[in-house]
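Structure at a glance
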Amino acid sequence: MLNNIKKIISTLIKIGFLTFFTGSLVQADGFGPIPMTLKGAPVPNVPGLVGGADPIIINKNKALILGKALFWDINVGSDGIACASCHFHAGADRRTKNQIAPIGRNSDLPREFELASDGTLRGPNAILKRSDFPFFQTDNPLNPTGTPIHNNDDVVSSSGTFGGEYRDAKSIAATNDQCNRSSDPVFHVGAKGTRKVEPRNTPTVINAVFNFRNFWDGRANNIFNGSSPWGDRDPDAGVWVRNGDGTVAKERLRLTNSALASLAVSPPLDDFEMSCHGRTFADLGRKLLERKPLEHQRVHWNDSVLGGLAHSTPNNLQKGLNTNYYQLIMEAFNPKYWDYNPTGQFGAPPPSSATHGIPYSQVEANFAMFFALAIQMYQSTLISDDSPFDRSAVDAHGMPIDLNASAQRGMDIFRDSHCALCHIGPNFTSSAVVTNGILQKSNPHAFGNPAFRVSTTTVVTSLSLTGGMMFQDTGFSGTGVTPVRNDIGLGGTDPFGNPFSFSDQYLQLLAGNASGVVDPYVADVRPCDLDTSIAVESDNPHALLFTRVDGIQRQKQNTINCFNPAGIFVPTTNAALAELGKPNRKRFLSAAKGSYKIPSLRNIDLTGPYMHNGGMATLDEVLEFYTRGGNFATPPKEFAKIFALVDLRLTPQKRKDLLNFLKSLTDDRVRYERAPFDHPEIRVPHGHVGDNSSITKSSPMNTALAADQFLFIPAVGAEGRAKPLQPFDRFLQ
């Protein structure tokens, strides 16, 4: 099949379909993008954060200490959940008990748990079994004509908080907030409430600094506004700044390339992930500021970041750091964000709080900014660029040449199977928009060759997909893992009614509705930088492209160094509006619904379960999925990337080679938790005492809740651990 595809590429290019009916034209360096090392790859710059005349962070080392402590501290959650509780294993989550949610995010399906493939009950507090996977099963998993025998719409994700309504939190000693807690109507066993489980699988945080946006649906904006995930979209966002005349005022903050910070402010207030409902960051600041970081957790004396402040000595690990959070903030951040002493302008805790009569201070009001930027500083150090693949020398074409023979063959299969068209660039994902855009100029071989190139310099592209000619957000894709109704992914909206998707906004821009653009990058999209033309200069009508018959015009932007010089035409405003009014159109569409952020493949051997629904336990199952061409023909499915791979189906050795190449992307520093991937100890909730049919012990917080069981993850110093981390399936029964 691949050879047949190769023969028709040139014809398709001539008629304007640069999209992915692609295959391996004979080239000296093979077909398409060549995978490249992460060593030396540019990390997106954040103007105004550090350096300059008036930076926000004045001491990077102290900010790094603050960020790592906050990320691992169980005091951050309302009931003992840290950020790291869901990201303790190669940046991801390998727990197997109480890890099932009944539906995906924003789904209209009933909130009911499915039976396992063997007919047994699952649901809250169930233990995942090897036989539960994959969630979509056929009688011939490598064959596209296999008959489906099981389809499960549950999600494997991460258990978080019990939830409840926030009342108060103490600033000393107690870990748990004071909340009105009760058994959840969905997450319970009998009458006992269990911890809630998130509706999407937990991705790794390692290398997430390269993502232009974060979360599976991209809702963590590239622009950090100081207080929420929503970037410029949030009209009330901002930070309190002490002016030179001694006054204080709330100002807008706009830090680009800060999707990690936008991500960081979401889980601590989410009543599925970490918080009781109604808690604010000012409340969290009041809880933490006077506390010693990690006061309930041992810190290794040789921790690469925290060791200098640890109470521990060799062979004597102790809890906490020799400082407090307020002191770290004062040392790390510009004083104008924390040294204003009068109160009254910043609000006060809820009436249920014992400190309701004491208004918030400036440092409490700005705690979201301190928290988010410190965690961004820490996570920006979690770059795994020392895998066997990264250590390999390369030939004149940029091809790695030092991999073992099987992995070397696997890399060729990776390219021929079109994997590199999505998993592109040094982080093996097109979601690294800024880094890929820089490297496309200096390392063009990593983004294609004369036979075929991929555009990575713009936030929107145009592709021929299952649903028609569609705009797709760069770094997102629909592969047909689940039906769209299970989880609309990028098709969601923010609290202000705006679409997450850049493509949805771009449609509005072309139709003359400038107010429909809420992210500034959308207005900068040049049509000639899209993979496929939107319109062509022709007098004949076309089913998928606009022509003079419909009404076309030249793009308004310049055409210097266009990716696709023929793509300079767009529909007129009237033509675009007319097309939007057609209910069954096959062009001028958005691929947002059913698309998800393309994950990195680095350390992929350790970051299962896989896909946005967590429905695959092993890389073998992932490979079966792609070999048969996916599960469902959803509208955004890229049929020239996701198609039946006959060579892989018929040749077991090729599948083995491809898996060995993927495993070559794992950094041993991650596998053995060596610096910068070392960490304090953490006690992670892992289900409850009992099983999915009965709870045998109540929580000391509230008798209506189930008692926790825990995984104990010991502190690790810079030298790492003796035994390697294991893949997810090794923990299944």
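1. Things to note about the state of the cysteines
- By the definition in use, this model includes two disulfides.
- Covalently, C179 is tied to C276 through a disulfide, its sulfur atoms 2.1 Å apart. Between C179 and C276, the S-S dihedral sits near 110°, and the bridge is therefore right-handed. Taken as a pair, C179 in strand β6 (residues 178-180) and C276 in the loop between α3 (259-264) and α4 (281-288) lie far apart in primary sequence, 97 residues in all.
- For C179, a relative accessible area of 12% gives the class buried.
- With its sulfur 2.1 Å from that of its partner, C528 forms a disulfide with C562. Because the sign of the S-S torsion sets the handedness, a value of about -65° for the bond joining C528 and C562 places this disulfide among the left-handed ones. Remark: C562 occurs in the loop between β18 (552-554) and β19 (569-571) and C528 occurs in the loop between α12 (520-523) and β18; sequence separation between them is 34 residues.

2. Points about the environment of G475
- Its location among the elements puts G475 in the loop between β16 (468-473) and β17 (476-477).
- Sequence-wise, G475 and V459 are 16 residues apart; in three dimensions their C-alpha atoms are separated by 8.0 Å.
- Excluding residues within four positions of it along the chain, G475 makes contact with S430, S431, Y596, K597 and I598.

3. Here's the deal with the confidence of the model for the protein chain
- When the pLDDT values of the protein chain are averaged, the result is 94; 96% of them are 70 or greater.
- The low-confidence segment residues 1-28, where pLDDT is below 50, has 62 contacts with residues more than four positions distant or belonging to other chains.

4. Some points on the pattern of salt bridges
- This model, assessed by the stated rule, comprises 45 salt bridges.
- Residue R233 pairs with D494 through a salt bridge whose shortest N-O separation is 2.8 Å. Highlighted residues: R233 in the loop between β8 (192-193) and β9 (239-242) and D494 in the loop between β17 and α11 (502-510), separated in sequence by 261 residues.
- Residue classification places R233 among the buried positions, given a relative accessible area of 9%.
- Given the relative accessible area of 4%, D494 is considered buried.
- Note that R409 and D657 form a salt bridge whose closest N and O atoms lie 2.8 Å from each other. Note that R409 is positioned in helix α9 (residues 405-416) and D657 in helix α16 (residues 652-663), a separation of 248 residues in sequence.
- The exposure class of D657 is buried, given its relative accessible area of 2%.
- Here the salt bridges share partners, and the residues they tie into one network are R105, R200, D217, R219 and D487.

5. What to know about the pairing of strand β10 (residues 248-251)
- In terms of strand pairing, β9 meets β10 through four bridges, oriented antiparallel. If you follow V239 over to β10, its bridge partner there is E251.
- Linking β9 back to β10 in an antiparallel pair, the connection comprises five residues, with G246 at a positive phi of about 90°.

6. Regarding the sheet that holds strand β15 (residues 460-465)
- Read across the sheet, three strands follow the order β15-β16-β20 without closing on themselves; strand pairing throughout is mixed. With one partner strand each, in any of the chains shown, β15 and β20 (589-590) form the two edges of the open sheet.
- Set on the sheet, α11 makes contact with β15, β16 and β20; between it and β16 the angle comes to about 115°.

7. A closer look at the packing of helix α2 (residues 60-72) against helix α5 (residues 325-332)
- Running from N to C, α2 and α5 point in directions that differ by 145°, and their axes come no closer than 8 Å. When the axes of α2 and α5 are compared, the crossing they make is left-handed. Contact residues: α2 offers K62, A63, I65, L66, A69 and L70, while α5 offers Y325, L328, I329, E331 and A332.
- Across the contact of α2 with α5, the residue classes tally to nine nonpolar, no polar and two charged.

8. What to know about the nonpolar core
- The biggest cluster of nonpolar side chains holds 70 residues, and the ones touching the most others in it are L70, F333, F367, M369 and L373.
- Sorting the residues of this core by element identifies α2, β9, α3, α4, α5, α7 (367-379), β22 (682-688) and β23 (708-713) as the ones contributing at least two each.
- Among the elements that make up this core, the one with the highest residue count is α7 (eleven residues).
- In this structure F367 touches L70, F281, L284, G285, L288, L289 and I329, once residues within four positions along its chain are discounted.

9. Some points on the packing of aromatic side chains
- Scanning the model with the defined rule gives 25 aromatic pairs in all.
- Ring geometry for W230 against F500: centres 6.1 Å apart, planes inclined by 10°, an arrangement best described as stacked. One end of the pair, W230, is in the loop between β8 and β9; the other, F500, is in the loop between β17 and α11, with 270 residues separating them in the sequence. Each member of the pair, W230 together with F500, is buried.
- In this structure an aromatic cluster arises from ring pairing among F389, F414, F428 and F661.
- One residue, R213, lies across the ring of F502, its end atom 3.6 Å from the ring centre.

10. Some details on the environment of F643
- With respect to the helices, strands and loops of the structure, F643 is situated in the loop between α14 (619-628) and α15 (646-650).
- Once the C-alpha coordinates of F643 and G629 are considered, the two residues, 14 residues apart in sequence, prove to be 4.0 Å apart.

11. A few points about α7
- Its 13 residues place the ends of α7 18 Å apart at the C-alpha level, agreeing with the 18 Å of an ideal helix rising 1.5 Å per residue.
- Of all 13 residues that make up α7, 13 are buried, and the element is covered over most of its length.

12. A few points about unusual backbone geometry
- A cis amide bond links F133 to the next residue, P134, at an omega of -10°.
- Note on placement: P134 falls in the loop between β1 (100-101) and β2 (136-138).
- Cis geometry marks the peptide bond from G608 to P609; its omega dihedral reads 5°.
- Within the secondary structure, P609 sits in the loop between β21 (596-597) and α14.
- In this structure, N125 takes a positive phi of about 70° despite not being glycine.
- Within the secondary structure, N125 is located in the loop between β1 and β2.
- Judged by relative accessible area, which is 1%, N125 ranks as buried.
- Here the phi dihedral of A173 falls at roughly 65°; this positive angle occurs in a residue that is not glycine.

13. Digging into the side chain of H612
- Summarising the element assignment, H612 is placed in the loop between β21 and α14.
- For H612, a relative accessible area of 4% puts it in the buried group.
- Within the structure, the side chain of H612 is placed 3.2 Å from the side chain of T482, a separation counted as a polar contact.
- Not counting residues within four places of it along the chain, the set of residues in contact with H612 comprises V155, R200, N201, W216, V481, T482, D487 and Y596.

14. With respect to α9
- Here α9 contains twelve residues, and its C-alpha end-to-end distance of 17 Å stays within 8% of the 16 Å for a straight helix at 1.5 Å per residue.
- For α9, the complete set of buried residues consists of S406, A407, Q408, G410, M411, I413, F414 and R415.
- Structurally, α9 contributes buried residues whose contacts are with α8 (388-391), β13 (448-449), α15 and α16.
- Where α9 begins, the side chain of N404 points an oxygen toward the backbone nitrogen of S406, at a separation of 3.1 Å.
- Looking one or two residues beyond α9, the residue adopting positive phi is H418, at roughly 75°.

Rules of the game
Residues numbered from 1 in each chain as written. Predicted model: local features only at pLDDT ≥ 70, side-chain atom pairs only at ≥ 80, totals over all residues. Heavy atoms only, no water. Disulfide = S-S within 2.5 Å. Helix = DSSP H or I, 4+ residues; strand = E, 2+ residues; numbered from the N terminus. Buried < 20%, exposed > 50% of the residue type's maximum accessible area, 1.4 Å probe, protein only. Contact = heavy atoms within 4.5 Å. pLDDT = per-residue confidence, 0-100. Salt bridge = Lys/Arg side-chain N within 4 Å of Asp/Glu carboxyl O. Pairing = 2+ DSSP bridges. Axes fitted to C-alpha atoms, helices over the stretch in contact; angles between N-to-C directions. Left-handed = near helix turned anticlockwise from the far one by under 90°. Nonpolar A, V, L, I, M, F, W, Y, C, P; charged D, E, K, R; others polar. Core = buried A, V, L, I, M, F, W, Y, C linked by side-chain atoms within 4.5 Å. Phe/Tyr/Trp six-rings, centres within 6.5 Å; stacked < 30°, edge-to-face > 60°. Lys NZ or Arg CZ within 6 Å of the ring centre and 35° of its normal. Expected span 1.5 Å × (residues − 1). Polar contact = N/O pair within 3.5 Å; in protein donor to acceptor, adjacent residues only side chain to side chain.

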